[in-house]
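Here are the chains, one letter per residue:
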Amino acid sequence: MAENKARKTGSAGRFGARYGRVARRRVKEIEEEMRSATVDGDDVKRLGTGIWRNERTGEVFTGGSYRPQTPGGRQVSRSIRAALSADDEE
């Protein structure tokens with residue numbers, strides 16, 4: 001009698017054999033990042049497309065569709081922080 005080994009398919013299991021392995025894996029990774037998202041150490045929850053809420057403070061803010069902080073947004077934050085610190089030195 002052969003053992004039936006169940007395989008965990010994750011959130012992308014709903015696609016079955018469609019769309020290819022790489023696309024399904026990428027969907028799974030994006031959805032895992034979305035569910036365990038943090039900003040400055042605080043857990044955040046996605047309310048809608050690009051709308052996030054800080055679970056601890058209740059602050060609602062906008063971000064990326066699937067990530068609370070986008071790479072472009074991080075770059076802008078760094079630029080602003082650098083400009084402000086340059087103003088403090090003068």
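Computed from a predicted model, the values in this text were never measured in an experiment. (Residues numbered from 1 in each chain as written. Predicted model: local features only at pLDDT ≥ 70, side-chain atom pairs only at ≥ 80, totals over all residues. Heavy atoms only, no water.)

Engineer: Would you explain the pairing of strand β3 (residues 51-54) in this entry?
Structural biologist: Remember that side chains alternate between the two faces of the sheet whenever the strand is regular. Here β3 shows a buried face lined by Trp52 and Asn54 and an unburied face lined by Ile51 and Arg53. Relative to β3, strand β2 (residues 42-48) is paired through four bridges, and the arrangement is antiparallel. Following the sheet pairing, Val44 is matched in β3 by Asn54. What sits between the antiparallel neighbours β2 and β3 is a turn of two residues, in which Gly50 has the positive phi angle 80 degrees. (Buried < 20%, exposed > 50% of the residue type's maximum accessible area, 1.4 Å probe, protein only. Helix = DSSP H or I, 4+ residues; strand = E, 2+ residues; numbered from the N terminus. Pairing = 2+ DSSP bridges.)

Engineer: Explain the pattern of salt bridges to me, please; I cannot follow it from the model alone.
Structural biologist: A side chain with one charge can pair with a side chain of the opposite charge if their charged atoms come near. Counted by the stated rule, this structure contains five salt bridges. Residue Glu31 is joined to Arg14 by a salt bridge in which the shortest nitrogen-to-oxygen separation is 2.8 Å. Separated by 17 residues along the polypeptide, Glu31 in helix α1 (residues 21-35) and Arg14 in the segment before α1 bring together distant segments of the chain. Since its relative accessible area comes to 14%, Glu31 is described here as buried. By relative accessible area, Arg14 is classed as partly exposed at 48%. (Salt bridge = Lys/Arg side-chain N within 4 Å of Asp/Glu carboxyl O.)

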